[in-house]
There are 2 protein chains.
Amino acid sequence: FKRILVTGGAGFLGSHLCTRLVGEGHDVICVDNLFTGQKSNVAHLMDKDNFEFIRHDIREPLQLEGLDQIYNLACPAAPGHYQWDPIGTMKTCILGAINMLDLAKYNGATILQASTSECYGDPLVHPQTEDYRGNVSCTGPRACYDEGKRAAETLFFDHNRMHGTKIRIVRIFNTYGPNLHPYDGRVVSNFIRQALAGEDITIYGDGQQTRSFQYVDDLIEAMIRMVNNEDDFTGPVNTGNPHEFTIRELADIVIRLTNSESKIVHMPAPVDDPVMRRPDITLAKEKLGGWEPTIQLEEGLVKTIEYFANLDLTKW
Amino acid sequence: FKRILVTGGAGFLGSHLCTRLVGEGHDVICVDNLFTGQKSNVAHLMDKDNFEFIRHDIREPLQLEGLDQIYNLACPAAPGHYQWDPIGTMKTCILGAINMLDLAKYNGATILQASTSECYGDPLVHPQTEDYRGNVSCTGPRACYDEGKRAAETLFFDHNRMHGTKIRIVRIFNTYGPNLHPYDGRVVSNFIRQALAGEDITIYGDGQQTRSFQYVDDLIEAMIRMVNNEDDFTGPVNTGNPHEFTIRELADIVIRLTNSESKIVHMPAPVDDPVMRRPDITLAKEKLGGWEPTIQLEEGLVKTIEYFANLDLTKW
Ligand SMILES: NC(=O)c1ccc[n+]([C@@H]2O[C@H](COP(=O)([O-])OP(=O)(O)OC[C@H]3O[C@@H](n4cnc5c(N)ncnc54)[C@H](O)[C@@H]3O)[C@@H](O)[C@H]2O)c1
Ligand SMILES: NC(=O)c1ccc[n+]([C@@H]2O[C@H](COP(=O)([O-])OP(=O)(O)OC[C@H]3O[C@@H](n4cnc5c(N)ncnc54)[C@H](O)[C@@H]3O)[C@@H](O)[C@H]2O)c1
Ligand SMILES: O=c1ccn([C@@H]2O[C@H](COP(=O)(O)OP(=O)(O)O)[C@@H](O)[C@H]2O)c(=O)[nH]1
Ligand SMILES: O=c1ccn([C@@H]2O[C@H](COP(=O)(O)OP(=O)(O)O)[C@@H](O)[C@H]2O)c(=O)[nH]1
Ligand SMILES: O=c1ccn([C@@H]2O[C@H](COP(=O)(O)OP(=O)(O)O)[C@@H](O)[C@H]2O)c(=O)[nH]1
Ligand SMILES: O=c1ccn([C@@H]2O[C@H](COP(=O)(O)OP(=O)(O)O)[C@@H](O)[C@H]2O)c(=O)[nH]1
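**Student:** Outline the packing of aromatic side chains, listing residues and values.
**Tutor:** Residues and elements named next belong to chain B. For the structure shown, the criterion picks out 14 aromatic pairs over all chains. Ring geometry for Tyr-82 against Tyr-145: centres 4.3 Å apart, planes inclined by 5 degrees, an arrangement best described as stacked. With Tyr-82 in helix H2 (residues 79-82) and Tyr-145 in helix H4 (residues 143-163), the pair connects residues that are 63 residues apart, well separated along the chain. On the basis of relative accessible area, Tyr-145 is assigned to the buried category, the value being 7%. Judged by centre distance (6.1 Å) and plane angle (40 degrees), the ring pair of Tyr-120 and Phe-173 falls under tilted. A residue pair is termed long-range when its members are at least 10 positions apart, and Tyr-120 in the loop between strand E5 (110-116) and H4 and Phe-173 in the loop between strand E6 (166-172) and strand E7 (175-176) qualify at 53 residues. Each of the two residues, Tyr-120 as well as Phe-173, counts as buried.

Below, the structure written as structure tokens:
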């Protein structure tokens with residue numbers, strides 16, 4: 001059993017990761033400032049001996065002993081969240097990376113960075129392979145996240161080159177599932193919430209832009225395999241589901257699965273909204289023991305819809 | 001007359017800027033940690049009433065009062081210098097930007113960022129216009145500088161959007177002139193030093209890669225016009241000389257102007273060395289009162305060679 005730090009552990013992805021690691025018997029420390037995360041996401045773990053929650057902001061240094069692994073997930077991920085305080089987002093990405101890398105080095109721990117498909121920006125190469133350098137605006141409204149995450153990758157590689165720090169970088173493509181924040185403004189949470197409430201489904205732009213949706217369990221499996229890979233494979237490696245859908249298709253599927261009477265309405269597309277996104281996962285398959293997504297969109301949406309249907313939205 | 005802070009003021013570009021601003025009668029504060037700069041570059045200003053030198057590292061906060069303008073130039077610029085301590089370079093770019101932006105906001109000062117053509121990486125669009133998003137590796141050995149500078153631009157724009165901070169961003173293309181560090185490893189200083197000493201001229205790769213060389217006085221003029229532009233034009237704006245030369249052509253010109261007997265030798269090209277680089281300066285011409293470079297390569301090289309010929313290289 002290992003001692004494992006999960007930053008951002010009370011968020012959507014982090015809570016699934018903590019649940020799985022605690023279930024496997026590891027000693028898990030969850031660090032979160034609760035900016036976009038919820039204690040309720042990890043409430044079921046609070047009474048376990050091998051789980052601990054620390055309210056802490058990773059922009060400040062952190063001292064912990066005896067760590068074997070660090071999963072660095074702390075960062076707002078939804079466009080509405082990360083654009084709310086863009087300088088704060090940059091600091092979380094960059095000061096957070098510096099602080100967690102220093103902690104990994106001190107402990108001799110392996111550290112995984114939750115990077116993102118946003119490193120490719122609005123890609124001109126399709127599907128995206130890891131060697132594609134991206135099409136990112138460094139001055140626009142998404143830059144605080146995209147450039148923050150790119151700079152974090154740079155810091156990871158330089159820490160590895162300078163200090164031998166054991167790094168692992170996964171570039172995560174759109175992921176969904178239970179524990180998504182119902183008001184994070186992301187497309188899956190918006191559409192399901194709207195469909196269940198019978199409200200209009202808001203498509204930004206013409207709905208012909210594409211995304212590829214990965215169910216959370218598939219991602220968690222990839223991250224765990226990545227941290228534990230023995231051959232010092234650092235990445236960056238894409239993790240995502242290569243099945244590509246238009247946003248219009250997603251809306252239709254959600255309406256069908258919820259038997260909703262909601263109507264589709266169109267709203268203006270956000271600035272710099274990527275037109276298409278689909279991972280090439282050849283590298284992940286090769287390096288992560290044949291890993292590939294096992295849960296396809298309808299199956300994953302059914303589970304997510306069930307979660308949303310049981311939420312008491314008046315509490316948010 | 002204005003009170004003006006120049007960070008990196010003891011470096012190559014900063015020393016020219018300080019000299020000009022002091023000459024115009026402004027109250028100039030030069031801040032530098034002397035990592036790659038020299039006090040000798042500003043020695044002739046030390047006894048002026050309107051000049052002051054502070055040894056300070058911009059990665060740490062700085063408190064100053066009554067500033068009207070800030071030129072943020074502090075950052076190692078030569079590949080050999082910025083790759084020596086890559087994490088330090090990232091911190092200078094990013095923590096430096098945060099600290100100087102906070103200082104600008106506090107003072108209500110206009111702040112200019114010395115950004116770079118490296119924001120375009122190894123460009124696939126030629127010549128480069130400001131809206132080109134670049135071809136930058138975020139994981140390679142140049143990333144600490146390229147991504148650091150891109151992240152600084154992001155912070156500038158977000159500070160402007162969040163706090164109304166008055167920002168000006170210039171993307172500087174290769175610039176040369178007196179006060180270049182003789183051992184900075186950059187191509188102009190290497191070739192001139194080698195030619196004057198009769199040593200071999202070291203061309204990395206086949207010498208067919210291109211650069212466009214701007215004489216320092218032309219850049220200083222552009223920066224001053226940029227800071228003082230009245231119509232809140234933030235940039236980013238390219239400043240450089242659009243005349244493009246291969247590195248082989250540069251070697252031949254330097255050999256001719258120095259009457260050198262040096263031979264050309266070829267060495268391996270560095271990782272991620274950009275293949276071509278030339279600024280499109282349409283925007284600068286339009287927004288900076290018809291600004292364009294006035295000093296062409298041979299004229300500028302003659303002045304630079306004269307400077308190098310008078311250096312006592314045993315002191316470096
Ligand atoms: N979900 C996706 O589709 C996706 C895609 C690409 C990358 N990612 C990355 O995965 C990670 C987790 O994303 P998520 O979808 O779970 O988002 P989330 O917002 O649900 O979780 C992020 C968590 O980090 C916490 N946090 C934010 N700033 C912090 C700080 N400064 N200090 C401590 N904690 C902080 C939040 O409170 C939250 O609990 C993020 O790094 C994100 O960039 C997610
Ligand atoms: N010369 C060029 O061709 C060129 C091209 C593009 C951009 N730039 C930018 O222009 C600026 C000046 O470049 P230069 O050619 O004069 O380089 P330089 O190395 O001669 O000058 C940089 C100065 O900054 C100082 N410095 C570095 N880190 C510092 C820190 N943390 N705190 C305080 N001072 C620090 C150095 O001591 C030095 O005096 C840099 O920001 C560089 O990125 C230069
Ligand atoms: O090194 C830092 C700098 C800031 N913050 C926090 O980050 C949040 C957002 O600060 P922001 O950078 O947006 O503030 P600004 O610099 O714009 O005033 C605030 O709660 C700060 O306390 C932090 O944790 N570490
Ligand atoms: O209510 C919504 C929310 C999002 N989108 C679109 O869905 C895609 C995915 O957006 P999201 O914010 O989920 O994540 P992104 O992949 O853009 O980071 C983008 O094209 C959005 O414009 C939409 O049409 N309606
Ligand atoms: O916020 C910071 C962090 C570091 N440094 C200085 O930056 C230099 C380079 O530190 P580096 O980041 O390379 O150190 P590391 O993090 O790799 O130990 C050192 O002299 C530090 O004192 C600084 O001035 N401000
Ligand atoms: O002694 C040298 C130094 C540099 N270069 C080449 O000259 C170009 C400009 O290099 P420099 O380091 O001056 O600046 P860069 O524009 O690459 O930042 C690059 O293609 C280098 O590989 C060279 O051939 N010989």
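**Student:** I'd like a rundown of the pattern of salt bridges, residues and numbers included.
**Tutor:** When the charged atoms of two side chains lie near each other, side chains of opposite charge can form a pair. The final tally for this structure, using the stated rule, is 38 salt bridges over all chains. Linking Arg-168 of chain A and Asp-232 of chain A is a salt bridge whose minimum nitrogen-to-oxygen distance equals 3.7 Å. Of this pair, Arg-168 of chain A sits in strand E6 (residues 166-172) while Asp-232 of chain A sits in the loop between helix H6 (216-227) and strand E11 (237-239); the two residues are 64 residues apart in sequence, bridging distant segments of the chain. A salt bridge links Arg-186 of chain B to Asp-184 of chain B; its shortest N-O distance comes to 2.9 Å. Sharing partners across several salt bridges, the network here consists of Glu-118, Arg-142, Arg-211, Asp-273 and Arg-277 of chain A.

**Student:** So what's going on with the sheet that holds E6 of chain B? Which residues, and what values?
**Tutor:** All names here are of chain B. Read across the open sheet, the seven strands follow the order E3-E2-E1-E4-E5-E6-E11; overall the sheet is parallel. Each edge of the open sheet is held by one strand with a lone partner, namely strand E3 (51-55) and strand E11 (237-239). Pairwise comparison of adjacent strand axes, ignoring direction, gives a mean angle of 20 degrees for this sheet. Examined bridge by bridge, E5 and E6 share seven bridges and lie parallel to one another. Among the inter-strand pairings, Ser-115 is bridged to a residue of E6, identified as Arg-171. Against the sheet, helix H1 (residues 12-23) makes contact with strand E1 (3-7), strand E2 (27-32), E3, strand E4 (69-72) and E6, and its axis sits at roughly 165 degrees relative to E1, the strand it touches most. Sheet strands in contact with H4 are E5 and E6, and its direction is about 155 degrees off that of E5.

Conventions adopted
- Residues numbered from 1 in each chain as written.
- Chains lettered and ligands numbered in written order.
- Predicted model: local features only at pLDDT ≥ 70, side-chain atom pairs only at ≥ 80, totals over all residues.
- Heavy atoms only, no water.
- Phe/Tyr/Trp six-rings, centres within 6.5 Å; stacked < 30°, edge-to-face > 60°.
- Helix = DSSP H or I, 4+ residues; strand = E, 2+ residues; numbered from the N terminus.
- Buried < 20%, exposed > 50% of the residue type's maximum accessible area, 1.4 Å probe, protein only.
- Salt bridge = Lys/Arg side-chain N within 4 Å of Asp/Glu carboxyl O.
- Pairing = 2+ DSSP bridges.
- Axes fitted to C-alpha atoms, helices over the stretch in contact; angles between N-to-C directions.
- Contact = heavy atoms within 4.5 Å.

These results come straight from atomic positions and should not be treated as a statement about function.
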